[in-house]
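Secondary and tertiary structure notes
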Amino acid sequence: MGYRTLRAALEDLSSTGQLAALDEPVDARLEAAEIQRRVQQAGGPAILFNRVLGCAFPLVSNLFGTLERARFLFRDTWEGVRRLIELKADPAAFWRCPRRYLGAPRTALHMRPKWVRRGPVLAHATTIDQLPRQVSWPRDGGPFITLPCVYTEDPARPGWRDSNLGMYRVQLAGGKYRPNEQVGLHYQIHRGIGVHHARALEQGAPLRVNISVGGAPAMTLAAVMPLPEGLPELMFAGALAGQRIPLCSPRRGERNYGTIYAEADFCLSGIIEPNLLLPEGPFGDHLGYYSLQHHFPVLRVERVFHRSGAIWPFTVVGRPPQEDTIFGQLIHELTGPLIPTVLPGVKAVHAVDAAGVHPLLLAIGTERYTPYAATARPQEILTQASAILGQGQMSLAKYLWIANAQDDAQLDVQDVGQFFTHMLQRVDWRRDLHFQTCTTIDTLDYSGSGFNEGSKVVIAAAGPPIRELGSDLPTDLSLPAEFGPAAVALPGVLVLQGPKYAAAGAADARNVLDPSIGILSGCFAGQDAARSFPLIVLVDDAAFTARTLANFLWVTFTRSNPAADMHGVDSFVAEKHWGCRGPLIIDARIKPQHAAPLEVDRETAARADRFFQRGAPLARWG
């Protein structure tokens, strides 16, 4: 069966050679994160930091660092949960193969939490300043909890049935927070906690929040699962843990601390008071940049609990791939079968990790209503695209590329290179670009027009190929003096280095066209060399961008805002529809409003080298 505690999981990993223990003192500020990044990128083990400078609690990281280890942690329950999801997608499947689903009722029994009189997490109390002050990047605004399970209940309907368990970052110190009293609680739009907070504000009452750290690995995965509203994450956690999640409700005198996960290693219990916002951040985030300082709710911490022998788990967030990439892969494995039931006609959706997840979605839809003829243009897949952008966290996407399944039965949404080739062979820029402007994008994305503000584009292609794509740099390519070098990133994709972005004389550079775009459009208007390259991406460093597919995806889709940064050769507007007759140009240069990319602290990196030298504990993964 699954694990009840974090320690049980670590003992199992240790016994199977999947845990490395470090007994030399390690600094939680930058050094532990540097070690974590290196080991994770090398496919190494989970890491237990037994001695943390200035802290009594050990740290553990890289628990989910490889897909194989994550599957190992859930090996006893994974298939049972998948069976339940299969039945949710197709209830009739039980009658077609009842033996396959014999264990489903037992798995379902674990979904209901259970109440206990007293939980191990309540054994001891401490203060915020005694917790590990783990910092991942040099410009981070302070120490953060990076694997929290943030629990809230609907003030209008108290109880676990209307609860939310989410992973929202928590800043423990720094900025304007009162030491040992306040922590920052950063949650993004379209998150369940926002509904609960809004209800509390309507009532003019504080919102009780309990932040668990540690405990069963199933709780961590449940906190990041994109479950539909009305389905508590605690139920999913119980199914994945193979046992009912224990809850307790401690009191101290007249104070009720609400619902607490009894087997957590730590719990910070407090309330969000109405109308109190303080600056939170900066923080190195999953797009590969710093999310800057903004005002977010503040949790007034009333009590910090911890169990005996508590261990503090952490991860490092940064440019993908990182440990949280594995979460995305696990989520895809579990929720993939549900896509057609939630989004009729949609075969598959892929949030591309290398592009920071939310900036880029790839999808395969179906033109179901024209079975009598090959579809020559997108029709129903445009309706399906709208449905995708109206679905939970997928609504944060900036770029949605959607293909027609009937055009290629072998098309795989997970094969990003193949998918782009398929799309670029078929897309017609005169017709197939569909923008949404002045809308919401990811809170952490600074390519837009403001905080949480930007645009989206749906690129839909259906029908037979209309062009052959170039794979080699055209020999007759002629560029203005200030442009170049150029490189081919993918078939049909020309990456072009341009001058540094500048919108001369603009008070707001985002609202004025960079003059270089006009020069570039005019240059390509008369060149035959561009015919086999329907997509041109203007960048600051062409060699870096074209070096790998991951670099191309990261640069192109994290550094551009569709409505502002998509231009075209021989562009036009007809009936308020924008299109272009020549190549599409995406300006993916760094703009003035962009956040700084993440960089490793060299001094810390040099200090961490000692763990990777010959004979050192992590030499195999250096």
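The text that follows walks through the structure, step by step, so that each part is easy to find. (Residues numbered from 1 in each chain as written. Predicted model: local features only at pLDDT ≥ 70, side-chain atom pairs only at ≥ 80, totals over all residues. Heavy atoms only, no water.)

This next bit is on the sheet that holds strand β20 (residues 312-314). Strand pairing within a sheet occurs via backbone hydrogen bonds; the two strands may be parallel or antiparallel. Spatially, β1-β2-β3-β20 is the arrangement adopted by the 4 strands of the open sheet, whose pairing is mixed. Where the open sheet ends on each side, the last strands, each with one partner, are β1 (19-22) and β20. Between one strand and the next, the sheet's axes are offset by a mean angle of 20°, whatever the strand orientation. Two elements, β1 and strand β2 (residues 46-49), share 4 bridges in a ladder whose sense is parallel. Paired with L19 across the two strands is A46, which belongs to β2. Strand contacts of helix α2 (residues 31-41): β1, β2, β3 (59-61) and β20, with the helix running at about 160° to β2, the strand carrying the most contacts. (Pairing = 2+ DSSP bridges. Helix = DSSP H or I, 4+ residues; strand = E, 2+ residues; numbered from the N terminus. Axes fitted to C-alpha atoms, helices over the stretch in contact; angles between N-to-C directions. Contact = heavy atoms within 4.5 Å.)

Moving on: the state of the cysteines. According to the stated counting rule, one finds 0 disulfides in the structure shown. Of the cysteine sulfurs around C149, a residue in no disulfide, the closest is that of C267, at 10 Å. Classification of C149 as buried rests on a relative accessible area of 1%. C580 supplies the cysteine sulfur nearest to C523, a cysteine that is in no disulfide, at a spacing of 15 Å. (Disulfide = S-S within 2.5 Å. Buried < 20%, exposed > 50% of the residue type's maximum accessible area, 1.4 Å probe, protein only.)

Here we come to the pairing of strand β31 (residues 577-580). Two strands pair when backbone bridges link them, and strand β30 (residues 571-574) and β31 are joined in this way by 4 bridges, in the antiparallel orientation. Bridging from a neighbouring strand, S571 pairs with C580 of β31. Between β30 and β31, which pair antiparallel one after the other, the connecting turn spans 2 residues, and E575 there sits at a positive phi close to 50°.

What the rule picks out here adds up to 26 salt bridges. The partner of R581 in a salt bridge is D570, with the nearest N and O atoms 3.3 Å apart. Highlighted residues: R581 in the loop between β31 and β32 (584-587) and D570 in the loop between β29 (566-568) and β30, separated in sequence by 11 residues. Classification of R581 by relative accessible area gives exposed; the value is 51%. Across the salt bridge formed by D587 and K591, the nearest N and O atoms sit 3.8 Å from each other. Summarising the burial analysis for this pair, D587 and K591 share the class buried. (Salt bridge = Lys/Arg side-chain N within 4 Å of Asp/Glu carboxyl O.)

Residue placement: E323 occurs in helix α10 (residues 323-335). The side chain of E323 is buried and forms no salt bridge, while R69, the nearest opposite charge, is found at 6.3 Å. Among the polar contacts made by the side chain of E323, one reaches the main-chain amide nitrogen of L63 at a distance of 3.1 Å. In this structure the side chain of E323 is engaged in a polar contact, spanning 2.7 Å, whose partner is the backbone nitrogen of F64. Contact partners of E323, with chain neighbours within four places excluded, come to Q36, Q40, N62, L63, F64, G65, F314 and T315. (Lys, Arg positive; Asp, Glu negative; His and termini not counted. Polar contact = N/O pair within 3.5 Å; in protein donor to acceptor, adjacent residues only side chain to side chain.)

It is worth spelling out the packing of helix α13 (residues 416-426) against helix α16 (residues 549-558) at this point. Relative orientation of the contacting elements α13 and α16 amounts to 60°, with a least axis distance of 11 Å. As judged from the angle between their axes, α13 and α16 are oblique. Contact residues: V416, G417 and F420 in α13; L549, L553 and F557 in α16. Considering only residue class, the contact of α13 with α16 consists of 5 nonpolar, 1 polar and no charged. (Parallel < 35°, antiparallel > 145°, perpendicular 65-115°, else oblique. Nonpolar A, V, L, I, M, F, W, Y, C, P; charged D, E, K, R; others polar.)

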